[in-house]
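Coordinates in review
Here is what each chain is made of, one letter per residue.
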Amino acid sequence: MITGHGGDIQETAARLGCAVTELVDMSSNLNPIGPLPGLEEFLCKNIRSIITLPDADTDRVSSSLARLYDLSAENISAGNGTTQFIYNLPLALKFKKVLILGPVYADYADACAMHGAETTLFMADNDKGFEWDYKKLDHELKIRDAVYICNPNSPTGKLTDAAEIAKLAAQNPDKWVIVDETYLPFLKNWKKQSLLYSDLKNLIVFHSMSKIHRLPGLRIGFMKADKDVVSKFMDFFMPWSINSLAQSAVFHLAERKTDVEKFIKDSANYAYEQKQIIMDGLKGTGIDFFASSSVFMLGKTGPGLPDSATLHNMMLEKKIMIRDCSNFKGLSGRHFRISLHTQENNLNFVKAIRECIGPK
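Described below are features of the structure shown in this document. (Residues numbered from 1 in each chain as written. Predicted model: local features only at pLDDT ≥ 70, side-chain atom pairs only at ≥ 80, totals over all residues. Heavy atoms only, no water.)

Once that is clear, we can look at the pattern of salt bridges. For side chains of opposite charge, pairing can occur when their charged atoms come near one another. Summed over the entire model, instances satisfying the criterion amount to 12 salt bridges. Asp-55 is the partner of Arg-60 in a salt bridge, and the nearest nitrogen-oxygen pair spans 2.7 Å. By relative accessible area, which is 49% here, Arg-60 ends up partly exposed. Counted as one network, the salt bridges with shared partners bring together Lys-318, Lys-351 and Glu-355. (Salt bridge = Lys/Arg side-chain N within 4 Å of Asp/Glu carboxyl O. Buried < 20%, exposed > 50% of the residue type's maximum accessible area, 1.4 Å probe, protein only.)

Next up on the list: the layout of surface pockets. By volume, the second largest pocket is sized at about 280 Å³. Considering the residues around the second largest pocket, the lining is formed by 14 residues, among which Trp-190, Lys-191, Glu-261, Ile-264 and Lys-265 are closest to the centre. Elements represented by at least two residues in the lining of the second largest pocket include exactly α3 (59-69) and α10 (257-281). Take the lining of the second largest pocket: its biggest share by element is six residues, from α10. For the lining of the second largest pocket, the per-class residue count stands at eight nonpolar, two polar and four charged. (1 Å grid on protein atoms, 1.4 Å probe; cavity = no way out; pocket = protein on both sides within 12 Å on 5 of 7 lines; lining within 4 Å. Points joined across faces, edges and corners; volume = space filled by probe spheres on them. Helix = DSSP H or I, 4+ residues; strand = E, 2+ residues; numbered from the N terminus. Nonpolar A, V, L, I, M, F, W, Y, C, P; charged D, E, K, R; others polar.)

Attention now moves to the sheet that holds strand β5 (residues 146-150). Across the sheet, which stays open at both edges, the seven strands sit in the order β2-β8-β7-β6-β5-β3-β4 with mixed pairing between neighbours. In this open sheet, the two strands that pair with only one neighbour each are β2 (76-79) and β4 (118-123). Neighbour to neighbour, the strand axes of the sheet diverge by 20° on average, direction disregarded. Where α3 meets the sheet, its contacts fall on β2, β7 (203-208) and β8 (221-224), and the angle it forms with β2 comes to roughly 115°. (Pairing = 2+ DSSP bridges. Axes fitted to C-alpha atoms, helices over the stretch in contact; angles between N-to-C directions. Contact = heavy atoms within 4.5 Å.)

Within the largest apolar cluster, 107 residues are counted, with the highest numbers of intra-cluster contacts made by Leu-89, Tyr-148 and Phe-349. The residues touching Tyr-148, leaving out its near neighbours within four places in the chain, are Ile-86, Leu-89, Pro-90, Phe-95, Val-98, Leu-99, Ile-100, Leu-101, Tyr-108, Cys-112, Ile-178 and Phe-206. (Core = buried A, V, L, I, M, F, W, Y, C linked by side-chain atoms within 4.5 Å.)

So, about the pairing of strand β10 (residues 296-301). Where burial is concerned, most of β10 is hidden: five out of the six residues are buried. Looking at chain direction, strand β9 (residues 287-289) and β10 are connected through three bridges and run antiparallel. The residue of β10 that forms the bridge with Ile-287 is Thr-301. Following β9, the chain reverses through six residues before pairing antiparallel with β10. Across five bridges, the pairing between β10 and strand β13 (residues 335-339) is antiparallel. Bridging from a neighbouring strand, Lys-300 pairs with His-335 of β13.

Attention shifts here to helix α1 (residues 9-16). Looking at α1, one finds that the buried residues are Ile-9, Thr-12 and Ala-13. Down the axis of α1, the buried set is contained in an arc of 100°. They therefore lie on one face. Facing away from the buried side of α1 by over 90 degrees, the exposed positions are Gln-10 and Ala-14. The inward-facing, buried residues of α1 contact β1 (24-25), α11 (308-317) and β11 (320-321). Just downstream of α1, Gly-17 is the residue with a positive phi angle, here 70°. (Arc of directions from axis to C-beta.)

Across all of its chains, the model carries zero disulfides by this definition. Of all cysteine sulfurs in the structure, the one in Cys-150 sits closest to Cys-112, which takes part in no disulfide; the separation is 14 Å. With no disulfide of its own, Cys-150 lies closest to Cys-325 among cysteine sulfurs, the gap being 13 Å. (Disulfide = S-S within 2.5 Å.)

This paragraph deals with the packing of aromatic side chains. The geometry of two aromatic rings is summed up by the distance between their centres and the angle between their planes. In this structure the tally under the stated criterion is 11 aromatic pairs. Taken together, a centroid distance of 5.8 Å and an interplanar angle of 75° make the contact between Phe-289 and Phe-336 edge-to-face. With Phe-289 in strand β9 and Phe-336 in strand β13, the pair connects residues that are 47 residues apart, well separated along the chain. Residues Phe-289 and Phe-336 agree in their burial class; the two are buried. Sitting over the ring of Tyr-272, Lys-188 keeps its end group 4.2 Å from the ring centre. (Phe/Tyr/Trp six-rings, centres within 6.5 Å; stacked < 30°, edge-to-face > 60°. Lys NZ or Arg CZ within 6 Å of the ring centre and 35° of its normal.)

As a further point, take unusual backbone geometry. Here Gly-34 and Pro-35 are connected by a cis peptide whose omega angle stands at 0°. Take Pro-35: it is sitting in the loop between β1 and α2 (39-45). The omega torsion across Asn-151 and Pro-152 is -5°, close enough to zero to call that bond cis. Residue position: Pro-152 is located in the loop between β5 and α7 (162-171). The phi dihedral of Arg-219 falls on the positive side, at around 60°, and the residue is not glycine. Tracing the sequence through the fold places Arg-219 in the loop between β7 and β8. On the basis of relative accessibility, which here comes to 27%, the residue Arg-219 falls in the partly exposed class. Here Trp-240, not a glycine, exhibits a phi torsion of approximately 60°, which is positive.

What follows is the structure, given as structure tokens:
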């Protein structure tokens, strides 16, 4: 069961006794400039698609995604967000022992536990910018079936070089290497670091449309893998997993490939600029941000400043939601995460943080 996640704006508004529109949600990792212009209008015009059944399988959706991302349709399975793949893959591939690179959100471990797989959290070194010891990682993988890597990692924003992951997979051809690239499109020139285009048969990549296109409610994602893996996964695929409106959205995006590519590029540029604004605005405050390759930033409050839970509550009084990261294994009660917003709200966030921590 997913608990303690970011983006719980409905519950937060109810608890505070305010309207949802009064809150600025900087706890949920969504594209601050999305969705793609014209997409919302398209969905409104096609709302009547929900009165008919969607395709029972995902063949047409997978083919559209293949065109959009220059991939082969036989290597793609489209689904109800990446969550569908996270929770069904351990069952389809019969995982027994799994390594998960942390700190990271709990979904991978929860999914494996649901299907009886034993999980071990392989932690990064906080003092080295959340780097993993790859030699030790290679050794640990030898006695396991699979490893999960979130890249860029959430909540740290740490990017693992694609070549390093490919090397790990190549050296362990009998192990599954699962890479979640949900947040990668927020990186400039993201395809250079994507493993979607690798032909390693033991490499499985998750890709989400929810975050970069700001469509979390439609639940659209896909898995890219060797065709035999796709075939095994489809044995456990529930029919009608992608609703009619979500399917329409994919078809629409595939028809606007040039616009989509420009939109993703603009989104990455915006994220880069806004991260600089926030870091510059909080220099000298005692709050440190770790280098991030995505749309979110992991921060840490220094000595004498409020801990993350206290800061979270103080910011709620200012109607700004941030993510208290104290419940992540490997992080402390001083870690928090923010997701970028409009420039106005990002500047208001800086102002509000300064007010919460007082003069430095």
